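Fold and contact review
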Amino acid sequence: MDINKIHYAEITISAVSPKQYPDDGLPEVALAGRSNVGKSSFINAMVNRKKLARTSGKPGKTRTLNYFNIENELFFVDVPGYGYAKVSNAEQEKWGEMMNVYFSSRDELSLSILLVDLRHHPTELDVQMYDFFKYYNLPVLVVATKADKIKKSKRNKHINQVIQTLELATEDKVMVFSAETREGRDEVWNEILASTRNDSI
């Protein structure tokens, strides 16, 4: 895949149960993060589009597993954002069960990306999401978004607070990313493609 010339990137299905998951065997990269962390901006920047994934002024609108087909070679799977106060506990439990089924059973899942905001300490829910991935022995890449908001002289301090708050395992990486400047895009793509080489890419 030429990451600088992505011609095909489309949302193909919004799934809520295994019977709706694609059955073509392409590797999948799950994208998780709290509702205002910038997942839609991350997806758009990664595929060089402006509106493939719609950004919203109302966080928490994603309620399904949204499958984005990238060049017929892999899927980005956007999972529901967490930590949005206006969502009911019952709705959060339903989302949680949907994600539990997906992450515990999906053989095509090659990499789980946890997006956190580099400007702030990871939240308790970020920590729980990371621990959830580790519980299922899933490969994890932590992507710290909004890097353009932090002076480069202060980056290491913020990266270290991510590592310490998540109690990051030695085998897992943190990469800084900016949807505005595209900083980190190529490096994140390299990690994604490396994770899928043992699959069908």
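The structure under discussion appears in the preceding block.
Notes on the structure in this doc start here. (Residues numbered from 1 in each chain as written. Predicted model: local features only at pLDDT ≥ 70, side-chain atom pairs only at ≥ 80, totals over all residues. Heavy atoms only, no water.)

1. Focus on helix 5 (residues 185–196)
With 12 residues, helix 5 extends 17 Å from end C-alpha to end C-alpha; this agrees with the ideal 16 Å at 1.5 Å per step. When helix 5 is considered as a whole, its buried residues turn out to be Arg185, Val188, Trp189, Ile192, Leu193, Ser195 and Thr196. The buried residues of helix 5 occupy one face: seen down the axis, they fall within an arc of 155 degrees. (Helix = DSSP H or I, 4+ residues; strand = E, 2+ residues; numbered from the N terminus. Expected span 1.5 Å × (residues − 1). Buried < 20%, exposed > 50% of the residue type's maximum accessible area, 1.4 Å probe, protein only. Arc of directions from axis to C-beta.)

2. Description of the environment of Arg182
On the secondary structure map, Arg182 appears in the loop between strand 7 (173–176) and helix 5. Here Arg182 falls in the partly exposed class, since its relative accessible area comes to 34%. Note: C-alpha distance between Arg182 and Ala147 (35 residues apart in sequence) is 9.8 Å. Excluding residues that lie within four positions of it along the chain, Arg182 makes contacts with Ala45 and Asn48. (Contact = heavy atoms within 4.5 Å.)

3. Side note on the sheet that holds strand 4 (residues 74–78)
Across the sheet, which stays open at both edges, the seven strands sit in the order 1-3-4-2-5-6-7 with mixed pairing between neighbours. Two strands close off the open sheet at either side, each with one partner strand: strand 1 (9–15) and strand 7. Put simply, the sheet's adjacent strands are angled 25 degrees from each other on average, direction ignored. Against the sheet, helix 5 makes contact with strand 2 (28–33), strand 3 (65–70), strand 4, strand 5 (109–117), strand 6 (140–145) and strand 7, and its axis sits at roughly 155 degrees relative to strand 5, the strand it touches most. (Pairing = 2+ DSSP bridges. Axes fitted to C-alpha atoms, helices over the stretch in contact; angles between N-to-C directions.)

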